[in-house]
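Each chain is listed here by its residues.
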Amino acid sequence: MPLVSPYDMLHNTAAAVGAFNVALIEQMEAILIGAERERLPVIVQISENAVAHHGSLGPLAAAARTALAASSVPAALHLDHATRPELIEEAVALGFTSVMYDGAALPWEENVAYTRRIAHHCREHGVFLEAELGEVGGKDGAHAPGVRTDPREAARFVTDTGVDALAVAVGTSHHMTERTAAIDLALVRELRAAVPVPLVLHGSSGADDPTLAAAAAAGIRKINISTHLNTVFTAAVRDVLDAGPVVDPRRYVSRGREAMAVEVARLLRLFASSLPARAAS
Ligand SMILES: [Zn+2]
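What you are looking at is a predicted structure, and each value in this text was computed from that prediction instead of being measured.

Q: Hey, could you go over the environment of Arg 179 for me, with residue numbers and the actual values?
A: Considering the arrangement of structural elements, one finds Arg 179 in the loop between strand E8 (165-168) and helix H8 (185-194). We classify Arg 179 as partly exposed; its relative accessible area is 24%. Remark: the alpha-carbon pair of Arg 179 and Ser 204, spanning 25 residues in sequence, is separated by 8.4 Å. Sequence-distant contacts of Arg 179, defined by excluding residues within four places in its chain, comprise Ser 205, Gly 206, Ala 207, Asp 208, Asp 209, Leu 212, His 228, Arg 266 and Leu 267. Of note is the side chain of Arg 179, whose polar atom sits 3.1 Å from the backbone oxygen of Ala 207. Side-chain polar atoms of Arg 179 contact the side chain of Asp 209, separated by 2.7 Å.

Written out as structure tokens, the structure reads:
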């Protein structure tokens, strides 16, 4: 089916939606296989770092667009953590239905000014925009373990910029390879009450299943996972390589793809069943 906007996924269903990163075409296939097995919508993400790895956005974007359009479940194509406005413009031109502008390293006024300009551009093209204020630990900013998003600042940022979703710092940090992070659920509930757009959790690889389910129930709507799925993919590849001589890369990447598809399906099932408690207010 045609690519969809995360708007419908995040507003029309009560549960959280999984957003998973790809660096390889096989990972994209894994995400779509997992989502199709569960018949659940999914967000496929390409980060600025993945673009740097490939040297350009075009080839991976073209593959993603084709694969998502052929999928039997609603799927959105999202540019993750873009710090360069030119890359966002390129993604919009290439048919992405969603982008994240990451101005978290900028001073408040600059972040607001850039984000507002990008929000205007995205709105003109019907593209969903996620943004962030401050930093989410690990990526040198808003997402450090000790960093927290202030609910009043968050509400002001959304009003001042016109973004469609907000990444919040509530205890997770990027690139964690163990699922030991604690999430400040009281803060998630406060943010949900204060902020008029869906909340996004970054660095979710660092949180275990019950913690992610609790975060979703507290009001997180989009759950970004990259490192954890890379861990699953690479472990399966390593099993094949450790077992004996292999030459054809399809022999090992296919095992990584299947292991990742199983985990994507499991996570989507978990998120879909983590319904929020009714708001008290
Ligand atoms: Zn992130």
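Q: Hey, could you go over unusual backbone geometry for me, with residue numbers and the actual values?
A: Its identity as a non-glycine residue notwithstanding, Arg 39 has a phi of 55°, on the positive side. Turning to its location among the elements, Arg 39 is positioned in the loop between helix H2 (25-38) and strand E2 (42-47).

Q: Can you lay out the sheet that holds strand E4 (residues 98-101) for me, pointing to particular residues and giving the numbers?
A: With respect to topology, eight strands assemble into a closed barrel ordered E1-E2-E3-E4-E5-E8-E9-E10, the strand pairing being parallel. Strand-to-strand twist of the sheet, defined as the mean angle between neighbouring strand axes without regard to direction, takes the value 25°. In the sheet, E4 pairs with strand E5 (residues 128-132) via four bridges, with the strands oriented parallel. The residue of E5 that forms the bridge with Ser 98 is Phe 128. Here helix H5 (residues 85-93) sits on the sheet in contact with strand E3 (75-82) and E4, set at roughly 170° to E3.

Q: Describe the coordination of the zinc ion, and please don't skip the residues or the numbers.
A: Protein coordination of the zinc ion is provided by His 81 (NE2), His 174 (NE2) and His 202 (ND1), with donor distances spanning 2.0 to 2.1 Å. When the donor residues of the zinc ion are listed from N- to C-terminus, their spacing reads H-x92-H-x27-H. Of the two residues, His 174 sits in the loop between E8 and H8 while His 202 sits in the loop between strand E9 (199-201) and helix H9 (209-218), which places them 28 residues apart along the sequence. Exposure class is identical for His 174 and His 202. Each is buried.

Q: I'd like to hear about the side chain of Asn 224, residue by residue, with values.
A: Tracing the backbone through its elements, the reader meets Asn 224 in strand E10 (residues 220-225). Setting aside residues up to four positions removed in sequence, Asn 224 forms contacts with Ala 19, Gln 45, Asp 80, Glu 130, Val 200, Leu 201, His 202, Gly 203, Ser 204 and Ser 205.

Q: Tell me about helix H11 (residues 249-272), residues and numbers included.
A: End to end, H11 covers 34 Å across 24 residues, agreeing with the expected 34 Å (1.5 Å per residue, within 8%). The set of residues buried in H11 consists of Val 253, Gly 256, Met 260, Ala 261, Glu 263, Val 264, Ala 265, Leu 267, Leu 268, Leu 270 and Phe 271. Those residues of H11 hidden inside the fold are in contact with strand E1 (17-21), H2, E2, H9, E10 and helix H10 (227-243).

The rules behind each value
- Residues numbered from 1 in each chain as written.
- Predicted model: local features only at pLDDT ≥ 70, side-chain atom pairs only at ≥ 80, totals over all residues.
- Heavy atoms only, no water.
- Helix = DSSP H or I, 4+ residues; strand = E, 2+ residues; numbered from the N terminus.
- Buried < 20%, exposed > 50% of the residue type's maximum accessible area, 1.4 Å probe, protein only.
- Contact = heavy atoms within 4.5 Å.
- Polar contact = N/O pair within 3.5 Å; in protein donor to acceptor, adjacent residues only side chain to side chain.
- Pairing = 2+ DSSP bridges.
- Axes fitted to C-alpha atoms, helices over the stretch in contact; angles between N-to-C directions.
- Donors = N, O, S within 2.8 Å, 3.2 Å for Na, K, Ca; no water.
- Expected span 1.5 Å × (residues − 1).

Read these as spatial facts, not as claims about activity.
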